[in-house]
Amino acid sequence: MLVVEDDRDIASLLSEILETEGYVAVAVTDAASLQGQLDPRPALVVLDLRLTRGGGDQIIGFLKERGLGDVPVLLLSAASDLPDRAKDLGVTAYLAKPFELETFLLAVQELT
C-alpha cells in the first residue's frame, strides 16, 4: 500500500496502522517521492487530496501515466466539496477528515 500525505505525522500514523493490520505500507509526502515507490505495484493508494507540493489530481495523473490508473485510490480530505472532487478525479472511494479508525480500516479492507 502507498500512503501519500504531506503531513509526516499523519503519514507515519496511517502507515503504522496499516502495518499493524498486516498490510505492507510505504508513506511519501509528495509527488516527487512517488517515483521509487511504485515497484512493486501498490494494491491501494491512500491519498490526501490537498498536498503542499502537488494535489491529488497531480498524483492521480502521475499514476495513470505510469499504467497504474486501475489501482484503487482512497481519497482523504477535509474539503467541503469532497464528493464532487472524488467523482471528478474518478477515485474508487473517499473519506472526509476527520474519520474514525474503524471506518478507515473498513474502506481499506473493501478496496483490497
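All residue numbers refer to positions counted from 1 along the written sequence of the respective chain. Reporting of local features is limited, given that this is a predicted model, to residues whose pLDDT is at least 70; pairs of side-chain atoms are given and counted only at 80 or more, and all residues count toward the totals for whole chains, interfaces and linings. No hydrogens and no water enter the side-chain calculation; it runs on all heavy atoms of the structure.

Re the sheet that holds strand β2 (residues 26–28)
Strand order across the open sheet formed by 5 strands is β2-β1-β3-β4-β5, with parallel pairing between neighbours. Strand pairing shows two members of the sheet lacking a second neighbour, β2 and β5 (93–96), which therefore form its edges. This sheet shows a mean twist of 15 degrees between the axes of neighbouring strands, independent of strand direction. Note that strand β4 (residues 73–77) and β5 share 4 bridges and pair parallel. Pairing of Leu 74 across the sheet is with Ala 93, part of β5. The strands touched by helix α1 (residues 8–20) within the sheet are β1 (2–4), β2, β3 (45–48) and β4, with β1 carrying the most contacts at an inclination of about 160 degrees. In what follows, a contact means two residues having at least one pair of non-hydrogen atoms within 4.5 Å. The axes used here are C-alpha line fits, helices contributing only the stretch in contact, and every angle between their N-to-C directions lies in the interval 0 to 180 degrees. The numbering of helices and of strands both runs from the N terminus, where a helix is a DSSP run of H or I of at least 4 residues and a strand a run of E of at least 2. On the sheet, helix α3 (residues 82–89) packs against β4 and β5 and is oriented at approximately 160 degrees with respect to β5. Whether two strands pair comes down to DSSP finding at least two bridges between them.

Concerning unusual backbone geometry
Of note, the amide linkage connecting Lys 97 to Pro 98 takes the cis form, showing an omega dihedral of -5 degrees. Among the structural elements, Pro 98 can be located in the loop between β5 and α4 (101–111).

Quick word on the nonpolar core
Ranked by internal contacts, the top residues of the largest apolar core, which has 22 residues, are Val 4, Val 45, Leu 47 and Leu 75. Elements supplying a minimum of two residues to this core: β1, β3, α2 (56–65), β4 and α3. Not counting residues within four places of it along the chain, the set of residues in contact with Leu 75 comprises Leu 47, Asp 48, Leu 49, Leu 82, Ala 86, Leu 89, Val 91, Ala 93, Tyr 94 and Leu 95. The next biggest cluster of nonpolar side chains, apart from the first, holds 16 residues, and it includes Val 3, Leu 74, Leu 95 and Leu 105. Buried Ala, Val, Leu, Ile, Met, Phe, Trp, Tyr and Cys residues form a nonpolar core when they are joined through side-chain atoms within 4.5 Å. When a residue's accessible area, from a 1.4 Å probe over protein chains only, is under 20% of the maximum for its type it is buried; when over 50% it is exposed; and in between it is partly exposed.

Brief notes about α2
Every buried residue belonging to α2 is among Gly 56, Ile 59, Ile 60, Phe 62 and Leu 63, and all of these are buried. An end-on view of α2 places all buried positions within 155 degrees of arc, on one side of the element. Projecting away from the buried face of α2 at angles above 90 degrees are the exposed residues Lys 64 and Glu 65. Next to the buried residues of α2 lie β1, β3, β4 and α3. Gly 67, located one to two residues past α2, shows a positive phi value of around 75 degrees. It is the directions from the helix axis to the C-beta atoms whose arc is reported.

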